[in-house]
Each structure stands twice: as C-alpha cells, then as structure tokens.
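Listed below are the residues making up each chain.
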Amino acid sequence: MSSPEPFVSLRNVRKVYRSGGTEFLAVSDVTMDVQEGELVSLVGPSGCGKTTVLKILAGLHEADGGSVRIGNSQTRFDPARDIGMVFQQALLLKWRTILDNVLLPAEIIGLPMKAARARARDLLKLVDLAGYEDKYPQQLSGGMQQRVAIARAFIHDPKLILMDEPFGALDALTREQMNLEMLRIWRESGKTIIFVTHSIQEAVFLASHCAVLTAGPARMAEYFPIELPFPRALPIKTTDEFGAYARRIYVKLGLGAGT
Ligand SMILES: Nc1ncnc2c1ncn2[C@@H]1O[C@H](COP(=O)(O)OP(=O)(O)OP(=O)(O)O)[C@@H](O)[C@H]1O
Ligand SMILES: [Mg+2]
C-alpha cells in the first residue's frame, strides 16, 4: 500500500539570508514529508538552520529554492489561521490575565469570542492550569507559563503546531514533566506537530519521526520513524530500544566517538 499524501512536504528547500549586499546560505537542502497527525522532532547543531526551517513553514520567510507544500487534497491550508507557534520563551503579555493571553490569537483573527473563551478554559484544563484563568503571567512559574503558551498555540484550532525549543529554558525535572504533558496533549488533540529541540532524549521520547539536520547550512542528514510504542512513560528512556535511537542521532550529529 502506498503511504497517504503527506500533510507537510518540503522538497530541496534552500534559504539564503541577504543583508547589506552580503549573502548567507542558512539552509542548503532540506527534504521531508510529514503525515497528518505526526509529531516530528527536528534536531541539529546550534545555528544549523532549524528556526529558519520553522519560519519557512510558518510563512514568515520564503524559501529561495525548492518547494514547500502544506495541506493536502482533503485539508485546505491557510497559514494565518492554521498554524500555532510556541517559542523558547513563553512570550506572554504581562498586563493580560492567563485566560486573555490564551485568547490573543482568537482575537487577532476575529473568532467568535464566546466560543473561544470556553475553548480557552478547556485548553487551560488540558495543560493542567484550571483555576489560573484570572492570574497574571508573573504569578506563574516558568513551566506553567510555557503551558499557557502551548494552550495559546492551540486556541484557534490550528492544523499544524510549530514549536521551537519550547522547553529549553526549563529545569530538567520540569522539562520531563512537560514532555509527558506534551505527549498527552498531542495524543488527545491529534495535531500535526513539528518540534525543534537540542535534547536528544526529548527528540526520541516525544516523536513519531525524527529529522536530523547537518551543521549549517542545513541538509537533511536522516529522517526516520521512532517506533517505540505509545503510550510512553519516562522509564522507556532506560530501555535498549530507546538507547539505540538516541545513539543513532548522536552518530548522525557527529557525536558518536568517545574520548
Ligand atoms: N535574519 C537573518 N539574517 C542573516 N542571517 C541569519 C538570520 N537569521 C538567522 N541567520 C543565520 O542563519 C543560520 C541559521 O540560523 P537559525 O536561527 O535558523 O539556526 P538554529 O538551528 O535555529 O540555531 P539555534 O539552535 O542556535 O537556535 C545561523 O548561522 C544564523 O546566524
Ligand atoms: Mg533556533
């Protein structure tokens, strides 16, 4: 049986940054197909072009070569409405309550607010923040703020969620907790998620597929499924199968040798 039509398809994507008469090749050749409902982790050395790839997917930058297609014959795609983004920092507005922060994208694209408010409350429950609706960001811990940012990314029911090192600023234990939350939210929402991370553990634990990029300008070094069974709990990280996937990424990143 042939695989279904991909939801996200990047073909030989290339990106050159131009400023003040100079050119900088940031991404040289990225090809990947993502099926609807997958959670893909994107790993690669610092500065290799991961954020650039996400920005191209979000329509914030245009590729200089290759092609980018999102959506398929069943699903029409409108980047303004159909993408939710989460960044390394929560980027909440400190003068708005938690509920109003989650509602911001709904306001911007003009969704009916009564329904959006009900959805925001449900999303805050989903990220385990029921009861915090009327608090302000500075009253929440870093991990809680990041969960608000995740709820905000889901408020307009986007078809594609792009996350750029969303847990990079968190301590190790909170991060593991957030990994569990992420898996649960992904499995409950059925969204397609592309997730940039520097953590190889996170890349294996969360993902249905892993994309490894080379040092910049990025090329796709390897794109492979992570066939660990769901549901996944943290102790899976101690299994041989998990270790084999982690090793495969270390080797691809050129970090396979000892000293
Ligand atoms: N607007 C820009 N103009 C010029 N060069 C840029 C611009 N944005 C990024 N770059 C360069 O492009 C390369 C890729 O940057 P990008 O932010 O995509 O990397 P990254 O893989 O996300 O890095 P990190 O892991 O540190 O977040 C880097 O060398 C960066 O300096
Ligand atoms: Mg980046």
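Conventions adopted
- Residues numbered from 1 in each chain as written.
- Chains lettered and ligands numbered in written order.
- Predicted model: local features only at pLDDT ≥ 70, side-chain atom pairs only at ≥ 80, totals over all residues.
- Heavy atoms only, no water.
- Helix = DSSP H or I, 4+ residues; strand = E, 2+ residues; numbered from the N terminus.
- Rg over C-alpha atoms; globule rule 2.2 N^0.38 Å.
- Buried < 20%, exposed > 50% of the residue type's maximum accessible area, 1.4 Å probe, protein only.
- Contact = heavy atoms within 4.5 Å.
- Pairing = 2+ DSSP bridges.
- Axes fitted to C-alpha atoms, helices over the stretch in contact; angles between N-to-C directions.
- Core = buried A, V, L, I, M, F, W, Y, C linked by side-chain atoms within 4.5 Å.
- Salt bridge = Lys/Arg side-chain N within 4 Å of Asp/Glu carboxyl O.
- Parallel < 35°, antiparallel > 145°, perpendicular 65-115°, else oblique.
- Left-handed = near helix turned anticlockwise from the far one by under 90°.
- Nonpolar A, V, L, I, M, F, W, Y, C, P; charged D, E, K, R; others polar.
- Domains from an automatic or database assignment.
- Buried area = accessible area lost by both parts, 1.4 Å probe.
- Polar contact = N/O pair within 3.5 Å; in protein donor to acceptor, adjacent residues only side chain to side chain.

### Points about the overall build of the protein chain
Counting secondary structure elements, the protein chain contains eight helices and nine strands. Relative to its length of 259 residues, the protein chain is compact, with a C-alpha radius of gyration of 18 Å against a globular reference of 18 Å. Taken across its 259 residues, the protein chain has 50% of its residues classed as buried. A separation threshold of at least 6 residues defines the contact pool for the protein chain, and within that pool the share at least 24 residues apart is 72%.

### Notes on the sheet that holds strand β1 (residues 8-19)
Reading across the sheet, the nine strands line up as β4-β1-β2-β9-β8-β3-β7-β6-β5 and stay open at both edges, with mixed pairing between neighbours. Both edges of this open sheet fall to β4 (65-70) and β5 (83-86), since each of them pairs with a single strand only. Going across the sheet, the axis of each strand differs from the next one's by a mean of 20°, ignoring polarity. For strand β2 (residues 22-34) and strand β9 (residues 218-225), the ladder comprises two bridges, and the chain directions are parallel.

### Regarding the nonpolar core
With 53 residues, the main nonpolar core has Ile-150, Met-182 and Ile-249 as its most contacted residues. When residues in this core are grouped by element, the largest group, seven residues, is from helix α5 (residues 142-154). Ignoring anything within four residues of it in the chain, the contact list for Ile-150 reads Val-86, Val-127, Met-163, Phe-167, Met-178, Met-182 and Ile-185. Val-27, Met-85, Val-196 and Leu-213 belong to the second-largest nonpolar core, a separate cluster that totals 29 residues.

### Some words on the pattern of salt bridges
As enumerated under the stated definition, the model contains 14 salt bridges in all. A salt bridge links Asp-64 to Arg-18; the shortest N-O distance between them is 3.1 Å. Here Asp-64, found in the loop between α1 (50-57) and β4, pairs with Arg-18, found in strand β1; they are 46 residues apart in sequence, far enough to count as distant. Classification of Asp-64 by relative accessible area gives partly exposed; the value is 37%. Arg-119 is the partner of Asp-157 in a salt bridge, and the nearest nitrogen-oxygen pair spans 3.5 Å. Of this pair, Asp-157 sits in the loop between α5 and β6 (160-164) while Arg-119 sits in helix α4 (residues 113-126), and the two are 38 residues apart along the sequence.

### Regarding the packing of α5 against helix α6 (residues 172-189)
Axis separation between α5 and α6 bottoms out at 11 Å; the angle between their running directions is 20°. Considering the angle they form, α5 stands roughly parallel to α6. α5 and α6 meet at a crossing whose hand is right-handed. Of the residues in α6, those in contact with Gly-143, Arg-147, Ile-150 and Phe-154 of α5 are Thr-174, Met-178, Glu-181, Met-182, Ile-185 and Ser-189. Tallied by class, the residues present in the contact of α5 with α6 amount to five nonpolar, three polar and two charged.

### Let's talk about the domain arrangement of the protein chain
What the domain assignment reports for the protein chain is domain 1 (1-77 + 159-259) and domain 2 (91-158). Taking only C-alpha atoms, the centre of domain 1 and the centre of domain 2 are 25 Å apart. Residue-level contacts link 16 residues of domain 1 with 12 residues of domain 2. Each partner contributes to the roughly 1100 Å² buried at the junction of domain 1 and domain 2, and carbon and sulfur atoms together form 70% of this total. For the domain 1 face of the interface with domain 2, the top three residues by lost area are Ile-161, Met-178 and Ile-185, together amounting to 37%. At the junction of domain 1 and domain 2, the tally comes to one salt bridge. Close ionic contact of Lys-191 with Asp-157 constitutes a salt bridge, the shortest N to O distance being 2.5 Å. The tally of links from domain 1 across to domain 2 stands at four residue pairs in polar contact (both at pLDDT 80 or more). At the level of elements, β6 and α6 are the ones that each hand at least two residues to the side of domain 1 that touches domain 2. Considering every element that reaches the side of domain 1 that touches domain 2, the biggest residue donor is α6, with eight residues.

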